[in-house]
Amino acid sequence: MAQCVQSVQEFIQDSFVPMVAVLCSEDADRVTRKNNLNFSELLRPFCRLTSEGHLRDPSNQIQVVKNLKICVSNIVTEPPQQVVTRRLLSEVVSASQPAESSVANVITAGDYDLNISATTPWFETYRETFLQSMPASDHEFLNHCLACMLVATSHENAPVEQFQKLSQEQHRIQHGSECTYPKWFIPNTLKYYVLLHDMGEGEEQRAESIYEDMKQRYGTQGCYLLKINSRTSVQSSNEQIPDPWSQYLHKSNFQNQEMYDENDATNYTLSSVLSLIDAPCKTCNDHPLRLDQTSAHMDGIDALRAPVSDGKKVPSASSTHGACLTLNDHDRIRQFIQEFTFRGLLPHIEKNIRQLNDQVLVISDSYRLLFPKNPWYPPEAPELQIRKMADLCFLVQHYDLAYSCYHTAKKDFLNDQAMLYAAGALEMAAVSAFLQPGAPRPYPAHYMDTAIQTYRDVCKNMVLAERCALLSAEILKSQAKYSEAATLLIKMTSEDSDLRSALLLEQAAHCFINTRSPMVRKFAFHMILAGHRFSKAGQKRHALRCYCQAMQVYRGKGWSLAEDHINFIIGRQSFTLRQPENAVSAFRHILLNDSKQAASQQGAFLREYLYVYKNVSQASAEASLPQLPLPCIQSSATRVFFGHDRRLAEGEKQAASHVSLDQEYDRELSQQWRELEEQVVAIVNRGVLPVTFQPTQYCLNSQTDNMRFPLAVVEEPIIVEVVFRNPLKVSLVLTDLSLLWKFALKEFTLPHGSEASEIDLITTEVISEFCMNPEETKVARLKLLPHQTGELHIRGVVYNLGAAPSPGDDGTKVEGIVFSDGMFVRGRQDLEIQGPRLNSTKEEKTSVRHGPDRRLDPIITPPMPLLEVMNQEKQILTVTNSTAC
Amino acid sequence: MMTMLGGEPFLLVSKQEQQNYPLYIRSVPSDSELKFHYTVHTSLDVVEEKVSAVGKVIVDQRELYLGLLYPTEDYKVYGYVTNSKVKFVIVVDSSNTSLRDNEIRSMFRKLHNSFTDVMCNPFYNPGDPIQSKVFDSMVSSMMVQTC
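Since the structure is predicted, the reported quantities are computational estimates derived from the model, not experimental observations. (Residues numbered from 1 in each chain as written. Chains lettered and ligands numbered in written order. Predicted model: local features only at pLDDT ≥ 70, side-chain atom pairs only at ≥ 80, totals over all residues. Heavy atoms only, no water.)

K.L.:
Explain the pattern of salt bridges to me, please; I cannot follow it from the model alone.
P.N.:
Side chains that differ in sign of charge can pair as their charged atoms come close. Residues and elements named next belong to chain A. Applying the stated criterion to the full structure yields 34 salt bridges over all chains. Salt-bridge contacts for Glu201 lead to Lys34; the nearest nitrogen and oxygen are separated by 2.6 Å. Pair noted here: Glu201 is in the loop between β8 (190-198) and α7 (204-218) and Lys34 is in the loop between α2 (26-33) and α3 (39-43), with a separation of 167 residues, a long-range link. Exposure remark for Lys34: the relative accessible area of 35% places this residue in the partly exposed category. Note that Arg343 is salt-bridged to Glu339, the shortest N-O span being 2.9 Å. (Salt bridge = Lys/Arg side-chain N within 4 Å of Asp/Glu carboxyl O. Helix = DSSP H or I, 4+ residues; strand = E, 2+ residues; numbered from the N terminus. Buried < 20%, exposed > 50% of the residue type's maximum accessible area, 1.4 Å probe, protein only.)

Pasting the structure below:
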């Protein structure tokens, strides 16, 4: 597993916290709404206690409670719906993406250097949200409500009566027959009366006097006067107050909104989510006290809902939490929570632990003999009382007592064959054993394994099994038992939830990389599995990230099938995420590598590549043509021929020349011609060869001397022969194939001021269609006809690349992308010829240096006389063709 | 029934230059080849784990056969490491009960002999993918046998 921000103890402690319900009067709701918050949201940032609490356990020992967190939430009378929870989870995961700047750590394992982000915040967010949205169950009490805050304001006509109404309402919800949710811990729930006083509205005197009255009625430890909203709107503009709510309420929904348009699969509209959330609200609208139905269990959705339900206030809504609160008010709320917990909640828990302890002691073995084999328990069953006591002890961090209670409960449940109850007790027994200070016993991992197995196979409850696995994996991780954690996580993957499987597989992959000798390949493989599940779950970004991380292991190791597969997926995912450049490079990689794929697969790759490429090139400017990877050009085999390409034998005539493109280069023959030419020149110059002499070369190839710029004559063609190789097992079609060139005019040839169009400079011949069979090597002869003098540079070739329609699969449809046969892209490939290796000086011999190759950079000279000689039946016929100056 | 083979060279000259790339892979039928590539690649982790474990416990153990690396749902993966740390991996169908430890062991031995012959070829460049007709036919005959 990846590293986490929280320590394992913090994580477990925060997973199980005392639940406190809230019931507000309408007026109280109105007062807190001024801050754009409801009452439970108002308290949320202050729910972690900074100071220590104390209570006495049944044996009168003082138990210290450190770093306690409580969870305050509005009463929701409907259990959370699975659909909503799933969407919420998927949302928080897709909203949490790795930061661009996040530091990736490099793990070196053998010959692998892997760049892996050490933390996985999306997993932690998922886990947190998942645990918070757990529905309360009958077999455990941990997330049942322990207390209820009843909130009214001092401005109401009769606050005391209001409190009574609220209290009755609470009683109705808990004990009435119509509401089965939320679940309550103990029959006589702690009621805590909170009088809200708006400093901006009413007089403080009245509030104080009501509070005095309340103290008389409910005792000093059962009520509280909370003064808020001290800030008037005038002051607000010039005071900067930190907004502690922002991180709790809308950490997710901003990024979300951006992501909606990109992420197709998660792109359900907000309204559809909201309609689901609102459904329970409508049914309870006639409720005498307006309860906020949504917020209690789904903090995230709450946040999502808030700005949207406000309609057009969306942008402002986010910035105005707690607008009427001063720092003083913040302190007051903090003080209130502390008072509530230490004076109200903890004594209540202490009292109940004592009571339960007495009951449990009273329960004799005879009772157990009287009622054996009872897989479902009534609420007052003694076995459940033990469990209840264990849960209370666990919540106040008394893990020793909790462990022994869980252990007893577990035995009872197992005796009765109550498997769900037994699994719950096993799970918590293992967790409390782990959390026991001083670790008197080793962590019983087998308890957890049994619990998971029972939850999953016997009770068919994947949610509980998942919670159990998450806890156990985190504990195993903290003990560096990575392979056990990985096994556990992998076991939890199943068909019913892609998102969960993906996240767990990713964590398993992290486990493998963290083992003492890192298992790189297992890491990579599980990353691929995770990526696959992520993409099935619609989390495209996460999928792409997983595949990219796995790619680091497979790249360049010769596992070409796997590499191609990953590249293909990366290409596709990048494309759907609108990162076409990455997509193109990934696809390019598949085609460039000496692919071992089957022909049909190659055809599919090629078509998809062309499709993506086409989209990219449409998006980018026309000016820069993309470089195409196919077909391969064997640039050193390029031949350049100057002048009209005559056939050697044309009818009865025979050209008196040794050069032709159809002829192989013959060193001896060309040496003979060269000597002949030298002799002629020498005779003309009275027996001396001029220093500037260079032999005429009509055809340049890899064996000729290409160090000098060749000369070409204006109005005489230049023919470039390019060798193409098709590496694929499918045919390719190149259309509109022509040469790309750059031309520098000789200044004096052009009158000042006049611009020459390309046509005036050089005529470029275009080959309209050039087909290549699978794995064929074929030459193309491309012609240029210069009309001006100057310096010509032939840069490369430009063409449309298309896949030849294969007979079997016309218009193949690959996952929604339709490829028509007319698919082609225009692009270029440069011709770059490396010159011969230099080997004359010592320096050149000891190092590797290459000389220039000027084959493709001819200088266009003014017209010259051309002498052609044809032999006809042993007679010599001379044709002089002078385009004389 | 599938058999698959992944070899890896280990340069004795310098241990740092250890690489893990396939020398030879063969599978029947070839339609799910990708899956086997992944399986074999992942199994290399287990091979390395086993090799390092052997080195610690008994130093001069000459046993090259590593036994069953791990069973997956459908396949069994067996491993073998030569003295020069070239790894052989055979993947067989789990349902094939005719192949027991001894058969697999002898298959590996045959492979090793054949591989040695390949290495003896003066024109073979250690580390290159194996392209040898004799080796091919030996592997094919072995795969046919076990089908």
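K.L.:
Help me understand the environment of Ser246(A) in this model?
P.N.:
Within the element layout of this structure, Ser246(A) appears in helix α9 (residues 246-249). Of the residues examined, Ser246(A) reaches a relative accessible area of 27% and is grouped as partly exposed.

K.L.:
Help me understand the interface of chain A and chain B, please; the structure alone is not making it clear to me.
P.N.:
In many analyses, interface size is given as the accessible surface area lost on bringing the parts together. Each side of the interface is counted separately: chain A has 18 residues, and chain B has 18 residues. Summing both partners gives a buried area of about 1,800 Å² for chain A against chain B, and 62% of it is carried by carbon and sulfur. Broken down residue by residue, the surface that chain A buries against chain B is led by Arg521(A), Trp559(A) and Leu561(A), which jointly contribute 45%. Across the contact surface, chain A and chain B share two salt bridges. Ionic pairing is found between Arg521(A) and Asp45(B), a salt bridge with its closest N-O pair at 3.3 Å. (Contact = heavy atoms within 4.5 Å. Buried area = accessible area lost by both parts, 1.4 Å probe.)

K.L.:
Can you walk me through the environment of Gln834(A) in this structure?
P.N.:
Residues and elements named next belong to chain A. Within the secondary structure, Gln834 is located in the loop between β24 (824-830) and α30 (842-846). Judged by relative accessible area, Gln834 falls into the exposed class, the value being 56%. Expressed as a C-alpha distance, the spacing of Gln834 and Ser15, which sit 819 residues apart in the sequence, is 66 Å. Beyond its immediate sequence surroundings of up to four residues, Gln834 is in contact with His850 and Asp853.

K.L.:
When you look at the sheet that holds strand β2 (residues 75-81) of chain B in this model, what are you seeing that I'm missing?
P.N.:
Hydrogen bonds between backbone atoms are what pair the strands of a sheet, whose relative direction is either parallel or antiparallel. Residue and element names in this part refer to chain B. Taking strand neighbours across the sheet as the criterion, the three strands line up as β1-β2-β3 in an open arrangement whose pairing is antiparallel. Either end of the sheet is taken by a strand with one partner, and the two such strands are β1 (65-71) and β3 (87-93). Across this sheet, the average inter-strand angle for adjacent strands is 25°, counted without regard to direction. Here β2 runs beside β3; their pairing, made up of seven bridges, is antiparallel. For Gly79, the partnering residue across the bridge sits in β3 and is Val89. (Pairing = 2+ DSSP bridges. Axes fitted to C-alpha atoms, helices over the stretch in contact; angles between N-to-C directions.)

K.L.:
Mind showing me how you'd approach a nonpolar patch on the surface here?
P.N.:
A cluster of nonpolar side chains, Leu669(A), Trp673(A) and Leu676(A), forms an exposed patch at the surface whose accessible area comes to about 250 Å². Position of Leu676(A) relative to the elements: it lies in helix α28 (residues 667-684). (Patch = residues over 30% accessible without salt bridge, like charges linked within 9 Å, V, L, I, M, F, W, Y side chains within 5 Å. Areas by Shrake-Rupley, 256 points an atom, 1.4 Å probe, with all protein chains shown as cover.)

K.L.:
For this particular structure, what's the right way to read the side chain of Gln174(A)?
P.N.:
Residues and elements named next belong to chain A. The residue Gln174 is located in helix α6 (residues 159-175) in this model. According to the relative accessible area criterion, Gln174 is buried, its value standing at 14%. Side chain to side chain, Gln174 and Thr189 meet in a polar contact 2.7 Å long. Setting aside residues up to four positions removed in sequence, Gln174 forms contacts with Trp184, Ile186, Pro187 and Thr189. (Polar contact = N/O pair within 3.5 Å; in protein donor to acceptor, adjacent residues only side chain to side chain.)

K.L.:
What should I look at first to understand the nonpolar core in this one?
P.N.:
Looking at soluble globular proteins, one finds that nonpolar side chains tend to be buried together. Judged by nonpolar contacts, the single largest core of 165 residues is most densely connected at Ile12(A), Phe39(A), Met149(A), Phe336(A), Phe340(A) and Phe394(A). Ignoring any residue separated from it by four or fewer positions in sequence, one finds Phe340(A) in contact with Val20(A), Ile70(A), Ala147(A), Met149(A), Leu190(A), Tyr192(A) and Leu345(A). (Core = buried A, V, L, I, M, F, W, Y, C linked by side-chain atoms within 4.5 Å.)

K.L.:
It is not clear to me how helix α2 (residues 101-120) of chain B should be interpreted in this structure. Could you clarify?
P.N.:
Turn by turn, an α-helix covers 3.6 residues, leaving residues three or four places apart pointing in a common direction. Here α2(B) is 20 residues long and its end C-alpha atoms lie 29 Å apart, about the 28 Å a rise of 1.5 Å per residue gives. For α2(B), the full list of buried residues reads Ile104(B), Met107(B), Phe108(B), Leu111(B), His112(B), Ser114(B), Phe115(B) and Val118(B). (Expected span 1.5 Å × (residues − 1).)

K.L.:
Could you clarify how one ought to interpret the side chain of Asn726(A) in this entry?
P.N.:
Residue and element names in this part refer to chain A. Summarising the element assignment, Asn726 is placed in the loop between β16 (718-725) and β17 (732-745). Judged by its relative accessible area of 1%, Asn726 falls in the buried class. If near-sequence neighbours (up to four positions away) are discounted, Asn726 is found in contact with Pro631, Ser731, Leu732, Met772, Asn773, Pro774, Glu775 and Glu776.

K.L.:
Sorry, what's going on with the sheet that holds strand β9 (residues 223-228) of chain A here?
P.N.:
Residue and element names in this part refer to chain A. A sheet is described by the order of its strands in space; here five strands give the open sequence β4-β1-β7-β8-β9, paired in parallel fashion. Across the chains shown, the open sheet's two edge strands, defined by having one partner strand only, are β4 (71-74) and β9. Each strand of the sheet is rotated relative to its neighbour by a mean of 30°, with strand direction disregarded. As defined by bridge partners, strand β1 (residues 19-24) adjoins β4 across four bridges and the pair is classed as parallel. Residue pairing across strands places Ala21 opposite Ser73, the latter belonging to β4. Along the sheet, α7 contacts β8 and β9; its crossing angle with β9, the most-contacted strand, is approximately 160°.

On their own, these measurements won't tell you what the molecule is for.
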